[in-house]
Amino acid sequence: MSAKDVMTVFSPATVANVGCGFDILGFAVEQPGDEITVSLTNRKDVRILSIAGDDGKLPLDPSKNSAGVSVIALLQKLKVSQGVDITIVKKMPLGSGLGSSAAGAAGSVFALNKLLGEPFTTQELVPFAMEGERVCSGTAHADNVAPALMGGFVTVRSYDPPDFISIPTKIPLFCLLVKPHTEILTKNARKILQDNVPLKKLVCQTGNLAGLIIGLIREDISLIGRSLVDVIIEPQRAPLIPGYESIRNTAYDSGAIACSISGSGPSIFSLYSDNRKMEIAAEKIKEVCSREHISIDCFLTKINYSGIQIYE
Ligand code: HSE
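Residues numbered from 1 in each chain as written. Predicted model: local features only at pLDDT ≥ 70, side-chain atom pairs only at ≥ 80, totals over all residues. Heavy atoms only, no water.

Comments concerning the packing of aromatic side chains
Stage number 1. Applying the stated criterion to the full structure yields three aromatic pairs.
Stage number 2. Where F27 meets F153, the ring centres are 4.9 Å apart and the plane angle is 45°; that geometry is what we call tilted. Of this pair, F27 sits in strand β2 (residues 25-41) while F153 sits in strand β5 (residues 153-158); the two residues are 126 residues apart in sequence, bridging distant segments of the chain.
Stage number 3. For F27, a relative accessible area of 0% corresponds to the buried category.
Stage number 4. In textbook terms, an aromatic cluster arises when at least three aromatic residues are bridged by ring pairs, as seen for F27, F153 and F269. (Phe/Tyr/Trp six-rings, centres within 6.5 Å; stacked < 30°, edge-to-face > 60°. Helix = DSSP H or I, 4+ residues; strand = E, 2+ residues; numbered from the N terminus. Buried < 20%, exposed > 50% of the residue type's maximum accessible area, 1.4 Å probe, protein only.)

Shown next, in the form of structure tokens:
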């Protein structure tokens, strides 16, 4: 196998929804993330050779694994029967609301596209990675895979036809991710959501979403803070997350600009304008959680504006 037949990439964790943007807004973070190696082979099939760091929980069957499904979707679109081997090193928790299945899907199609001479733009890869999400969560949502691939903040303007828009901002925010030691499957966190939204709440949520996007573009911290409020999904999902109220209150008391559920939870993200405030918030949240006997892991990171990185 020559060097041009194999590629290893870092595929980042992502925060979907970003409070008021259910299924249509997400951002990528610098850490954690998964390492995905994709190789072209002389065979005709797609194989997941190994997965490390998942405690044996993820399927090696490519038709059931987000990375395998996404790669198969890409090859089908090209109508080629190219053999592909995938190796995954998971460096983020599963069922955490940090876009674990999306990282596998996005990283593998990104690397395969490069190895095949880039028949697709990065944005055109999103629908293939969404097929990986469909097999894991039952819905082909794009608010994790689009920011994982494209980096930064991404809006899903439309699913049909697909229209993914990078928000023109490079605002240097710090992001604290708190992951309680409990697993929530996206499938289940979606089942509990009510189908209908009262008009008043819709008006409030769309106002917040507009304010958040303008705040990001203008780099207006105050506008981001008062707009990143979810009046529809958060109240329904918060009871699934141990210590949610305490963690959220502590984040705000420690200077967070905003705080909400990351994706379908249980992880909670909070945003800060400086690193020191984020570090203090993390310490205070650890103290509060220890007092309330809630086990957590913390990731202190930044917004990732580069998306997937190729390891040389
Ligand atoms: N938008 C999806 C949801 C993201 O909230 O169900 C899941 O990571």
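A look at the site of the ligand
Stage number 1. Every residue lining the ligand is accounted for by A16, N17, F22, D23, H141, D143, N144, T186, R190, R237, G263 and S264.
Stage number 2. A distance of 2.5 Å is found between a nitrogen atom of the ligand and a side-chain nitrogen or oxygen belonging to D23.
Stage number 3. Residue D143 places a side-chain N or O atom 2.7 Å away from a nitrogen atom belonging to the ligand.
Stage number 4. Protein coverage of the free-state accessible area of the ligand, which is 260 Å², stands at 97%. (Near = heavy atom within 4 Å. Polar contact = N/O pair within 3.5 Å; in protein donor to acceptor, adjacent residues only side chain to side chain. Areas by Shrake-Rupley, 256 points an atom, 1.4 Å probe, with all protein chains shown as cover.)

Brief notes about the side chain of N113
Stage number 1. Within the element layout of this structure, N113 appears in helix α2 (residues 100-115).
Stage number 2. Within the structure, the side chain of N113 is placed 2.8 Å from the backbone oxygen of F120, a separation counted as a polar contact.

Examining the domain arrangement of the protein
Stage number 1. Taken domain by domain, the protein comprises domain 1 (3-168 + 305-311) and domain 2 (174-302).
Stage number 2. Just the C-alpha atoms count here: the centres of domain 1 and domain 2 sit 24 Å apart.
Stage number 3. The partner domain 2 presents 36 residues to the 34 residues of domain 1 that form the contact.
Stage number 4. Surface buried jointly by domain 1 and domain 2 totals about 2500 Å² across both partners, of which 67% is contributed by carbon and sulfur atoms.
Stage number 5. On the surface where domain 1 and domain 2 come into contact, there are two salt bridges.
Stage number 6. The partner of R190 in a salt bridge is D23, with the nearest N and O atoms 2.7 Å apart.
Stage number 7. Across the contact surface, domain 1 and domain 2 share 13 residue pairs in polar contact (both at pLDDT 80 or more). (Domains from an automatic or database assignment. Contact = heavy atoms within 4.5 Å. Buried area = accessible area lost by both parts, 1.4 Å probe. Salt bridge = Lys/Arg side-chain N within 4 Å of Asp/Glu carboxyl O.)

Topic: the sheet that holds strand β10 (residues 296-302)
Stage number 1. Strand order in the open sheet formed by four strands is β8-β9-β7-β10, with antiparallel pairing between adjacent strands. In this open sheet, the two strands that pair with only one neighbour each are β8 (258-261) and β10. Averaged over all pairs of adjacent strands, the angle between strand axes in this sheet comes to 20°, irrespective of strand direction.
Stage number 2. By the bridge criterion, four bridges tie β8 to strand β9 (residues 268-272) in an arrangement that is antiparallel. Across the sheet, the residue bridging to S260 is F269, located in β9.
Stage number 3. Packed onto the sheet, helix α9 (residues 244-253) meets β7 (174-180), β8 and β9 and runs at close to 160° relative to β8. (Pairing = 2+ DSSP bridges. Axes fitted to C-alpha atoms, helices over the stretch in contact; angles between N-to-C directions.)

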